[in-house]
Amino acid sequence: MFILTTIQDLVQITPEDFNKTSARAIKDAINVKYSNKVVHKVGLCICMWDLLKASEGLIGHGTGLVNVNVEFRMVVLRPFCGEILHGRIKSANSEGMVIDLDFTYEVFVPHANLFDPSEYDPQENAWIWRPEPGNEFFFDKGETVLLRIVREEWFDQKPSIVQKDEQGNVVERRGVPWRIIGAMNTSGLGPIMWWEGQEGEEGGEEEVEQQLLENGDVEMEE
């Protein structure tokens, strides 16, 4: 899920940070620029891991900013296809579910990647898996789930975040730069509570069978 990515860039140290050590000032500048931001085809940057190289600082004319060429490693969130992740159901609609990973990012699970047959109930605002008549399993909001990453989607971003018309009404909002697509359609995936206790139940059946054998109530088949 987390990887180390090497990045080369130019960072600027403001005069307010001149009282810090060079290493601390550079680290703070890198984290301000990258932390909690998505880099295209790289992933979600978390924080700087270590500084590999740094040039001598050059003061910009008329600004007082110190420009430093740096090479560093960044901790990046970038799940790989097939990886199993742990999260919580954040919301649901007729298209699928959004799973919160509990650390600033989300995964979208489309309805085609749920157990079949599953239906969306607008009154419950939740998806329901009905494997057979009379049995219903709910994907309730807030439930802890396991899901599998199946693919990722990248989107080019426009310069403006929000566009407005002459009356000041919002006509377009910037979409997400990166979307992770997940699936919950194989045994063991979905709400954890569905699968809890299965091992214990199987073990209990084996113990009962062993006791019957010892008491002579059943016979072993050849």
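- The protein is annotated in an unreviewed UniProt entry as DNA-directed RNA polymerase subunit from Bimuria novae-zelandiae CBS 107.79.
- A UniProt comment under Subcellular location (unreviewed entry) is attached to the protein, and it reads "Nucleus".
- Check the Sequence similarities (unreviewed entry) section of the UniProt entry for the protein; it says "Belongs to the eukaryotic RPB7/RPC8 RNA polymerase subunit family."

## Describing the pattern of salt bridges
Here is step 1 of the chain: One pass over the full model with this rule turns up 11 salt bridges.
Here is step 2 of the chain: Between Lys33 and Asp9 there is a salt bridge whose closest N-O contact spans 2.7 Å. One end of the pair, Lys33, is in helix 1 (residues 22-34); the other, Asp9, is in strand 1 (residues 2-13), with 24 residues separating them in the sequence.
Here is step 3 of the chain: By relative accessible area, which is 37% here, Lys33 ends up partly exposed.
Here is step 4 of the chain: The salt bridge partner of Glu136 is Arg130, with a shortest N-O separation of 3.0 Å.
Here is step 5 of the chain: Classification of Glu136 by relative accessible area gives partly exposed; the value is 42%.

## With respect to unusual backbone geometry
Here is step 1 of the chain: With omega at 5 degrees, the peptide bond leading from Asp116 into Pro117 counts as cis.
Here is step 2 of the chain: Along the chain, Pro117 turns up in the loop between strand 8 (106-110) and strand 9 (118-121).
Here is step 3 of the chain: Even without glycine at this site, Asn36 takes up a positive phi of about 65 degrees.
Here is step 4 of the chain: Of note, Asn36 is situated in the loop between helix 1 and strand 2 (38-39).
Here is step 5 of the chain: When its relative accessible area of 52% is taken as the criterion, Asn36 is described as exposed.
Here is step 6 of the chain: The phi dihedral of Asn125 is positive, around 55 degrees, even though this residue is not glycine.
Here is step 7 of the chain: Mapped onto the fold, Asn125 is located in the loop between strand 9 and strand 10 (126-129).
Here is step 8 of the chain: Judged by its relative accessible area of 39%, Asn125 is partly exposed.

## Observations regarding the packing of aromatic side chains
Here is step 1 of the chain: Summed over all chains, the structure comprises 10 aromatic pairs.
Here is step 2 of the chain: Between Phe115 and Trp194, the ring centres sit 6.1 Å apart and the planes meet at 45 degrees, which makes this aromatic pair tilted. With Phe115 in the loop between strand 8 and strand 9 and Trp194 in helix 2 (residues 192-195), this pair connects stretches of sequence that are 79 residues apart.
Here is step 3 of the chain: By relative accessible area, which is 9% here, Phe115 ends up buried.

## A look at helix 1
Here is step 1 of the chain: Here helix 1 spans 18 Å end to end across 13 residues, near enough to the 18 Å set by a 1.5 Å rise per residue.
Here is step 2 of the chain: Among the residues making up helix 1, those that are buried are Ala25, Ile26, Ala29, Ile30, Asn31 and Tyr34.
Here is step 3 of the chain: Elements in contact with the buried residues of helix 1: strand 1, strand 2, strand 3 (43-54) and strand 5 (66-77).
Here is step 4 of the chain: Looking one or two residues beyond helix 1, the residue adopting positive phi is Asn36, at roughly 65 degrees.

## Section: the pairing of strand 3
Here is step 1 of the chain: In terms of strand pairing, strand 2 meets strand 3 through two bridges, oriented antiparallel. Bridging from a neighbouring strand, Val39 pairs with Gly43 of strand 3.
Here is step 2 of the chain: Hairpin remark: strand 2 followed by strand 3, antiparallel, with three residues in the connecting loop; positive phi at Lys41, about 60 degrees.
Here is step 3 of the chain: Judged from the eight bridges that link them, strand 3 and strand 5 form a sheet pairing that is antiparallel. Among the inter-strand pairings, Asp50 is bridged to a residue of strand 5, identified as Arg73.

## Overview of the sheet that holds strand 9
Here is step 1 of the chain: The strand order 9-10-11 describes an open sheet built from three strands, whose pairing is antiparallel. Taken across any chain shown, the strands that pair with only one partner, and hence form the sheet edges, are strand 9 and strand 11 (137-139). Strand-to-strand twist across the sheet, computed as the mean angle between neighbouring axes with direction ignored, equals 30 degrees.
Here is step 2 of the chain: Across four bridges, the pairing between strand 9 and strand 10 is antiparallel. Bridged to Asp121 within strand 10 is Ala126.

Reading guide: rules and limits
- Residues numbered from 1 in each chain as written.
- Predicted model: local features only at pLDDT ≥ 70, side-chain atom pairs only at ≥ 80, totals over all residues.
- Heavy atoms only, no water.
- UniProt positions renumbered as here; feature names shortened; annotations may be inferred.
- Salt bridge = Lys/Arg side-chain N within 4 Å of Asp/Glu carboxyl O.
- Helix = DSSP H or I, 4+ residues; strand = E, 2+ residues; numbered from the N terminus.
- Buried < 20%, exposed > 50% of the residue type's maximum accessible area, 1.4 Å probe, protein only.
- Phe/Tyr/Trp six-rings, centres within 6.5 Å; stacked < 30°, edge-to-face > 60°.
- Expected span 1.5 Å × (residues − 1).
- Contact = heavy atoms within 4.5 Å.
- Pairing = 2+ DSSP bridges.
- Axes fitted to C-alpha atoms, helices over the stretch in contact; angles between N-to-C directions.

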